[in-house]
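Here are the chains, one letter per residue:
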Amino acid sequence: MELELLKRSWATAGGVIASTPAAAEVCDKVRPGWNPADGPINQFEDLTLFFIEPLGLIVLVLTVAAVLLRKTWIASITVTLLFAIMVLNISTWIEADDVTNSANSEGCITAPILTTTTLIAISAIILTTTCRSSLRRLKSHD
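The model shown is predicted, which means the values in this text are computed figures rather than measured ones.

Each value, and the rule that gives it
Residues numbered from 1 in each chain as written. Predicted model: local features only at pLDDT ≥ 70, side-chain atom pairs only at ≥ 80, totals over all residues. Heavy atoms only, no water. Disulfide = S-S within 2.5 Å. Helix = DSSP H or I, 4+ residues; strand = E, 2+ residues; numbered from the N terminus. Buried < 20%, exposed > 50% of the residue type's maximum accessible area, 1.4 Å probe, protein only. pLDDT = per-residue confidence, 0-100. Contact = heavy atoms within 4.5 Å. Polar contact = N/O pair within 3.5 Å; in protein donor to acceptor, adjacent residues only side chain to side chain. 1 Å grid on protein atoms, 1.4 Å probe; cavity = no way out; pocket = protein on both sides within 12 Å on 5 of 7 lines; lining within 4 Å. Points joined across faces, edges and corners; volume = space filled by probe spheres on them. Nonpolar A, V, L, I, M, F, W, Y, C, P; charged D, E, K, R; others polar. Salt bridge = Lys/Arg side-chain N within 4 Å of Asp/Glu carboxyl O. Phe/Tyr/Trp six-rings, centres within 6.5 Å; stacked < 30°, edge-to-face > 60°.

1. Things to note about the state of the cysteines
Counted according to the given criterion, the structure contains one disulfide. Between the sulfur of C27 and that of C108 lies a disulfide, 2.1 Å long from S to S. Sign of the S-S torsion, about -80° for the bond between C27 and C108, identifies this disulfide as left-handed. One end of the pair, C27, is in helix α1 (residues 2-30); the other, C108, is in the loop between α5 (98-106) and α6 (113-141), with 81 residues separating them in the sequence. Accessibility assignment for this pair places C27 and C108 in one class, buried.

Right under this line is the structure:
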């Protein structure tokens, strides 16, 4: 019993010592906008950090263009991008690797629940406005 406890203690200590430098570098690459002094991020901070990163800004620009212009091709591109981001968010979290686990333990990422839900809502808004606009155009041509 004591031997087993000793083995576990050494294994835990070795894992902590070995993973510290790698974990410290993970958040710099995964979430450069996060400051460790701010503590672990929550769902709202995760959403904010997503939308101030380059991919989030691209999503915002495409969303505004899709809603204002109501062109089917812009809506298709935007919804496809949003769907790809949602799938990537979910699969990255479900199939978490060492990098994801390290980033989560450091506090720079959290489960992307609010971010994914927001992307679903944006997709629904784009699809609704584009479909309504298309239906109006079809009715006006009749």
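From this point on, the discussion continues.
2. Side note on the confidence of the model for the chain
Summary statistics for the chain give a mean pLDDT of 83 and a share of 82% for residues scoring 70 or more. The low-confidence segment residues 13-23 (pLDDT under 50) makes two contacts with residues lying over four places distant or belonging to another chain.

3. Thoughts on the side chain of R31
Turning to its location among the elements, R31 is positioned in the loop between α1 and α2 (43-52). A relative accessible area of 10% means that R31 is categorised as buried. Looking at R31, its side chain comes within polar contact range of the side chain of E53, at 3.1 Å. In this structure, R31 is in contact with I41, D46, L49, E53 and C108, ignoring residues within four places of it in sequence.

4. Examining the environment of E45
Inspection of the secondary structure assignment puts E45 in helix α2. For the pair E45 and T115, spaced 70 residues apart in sequence, the C-alpha to C-alpha distance is 9.7 Å.

5. So, the layout of surface pockets
Computed from the structure, the largest pocket encloses a volume of approximately 470 Å³. Lining the largest pocket are 19 residues, with V30, R31, N89, T92 and I109 sitting closest to its centre. At the level of secondary structure, the elements contributing two or more residues to the lining of the largest pocket comprise α2, α3 (54-69), α4 (72-94) and α5. At five residues, the largest contribution of residues to the lining of the largest pocket is made by α4. Across the lining of the largest pocket, the residue classes tally to eleven nonpolar, five polar and three charged.

6. What about the pattern of salt bridges?
A full pass over the atoms with the stated rule returns two salt bridges. D46 is the salt-bridge partner of R31, the closest N and O atoms lying 3.0 Å from each other. One end of the pair, R31, is in the loop between α1 and α2; the other, D46, is in helix α2, with 15 residues separating them in the sequence. Here R31 matches D46 in class, with each residue buried. Across the salt bridge formed by R31 and E53, the nearest N and O atoms sit 3.1 Å from each other. Remark: E53 occurs in the loop between α2 and α3 and R31 occurs in the loop between α1 and α2; sequence separation between them is 22 residues.

7. Some details on the packing of aromatic side chains
Counted under the stated rule, the structure contains one aromatic pair. Ring centres 5.0 Å apart and planes at 75° place the aromatic pair F50 and F51 in the edge-to-face group. With relative accessibility at 8%, the residue F50 sits in the buried group.

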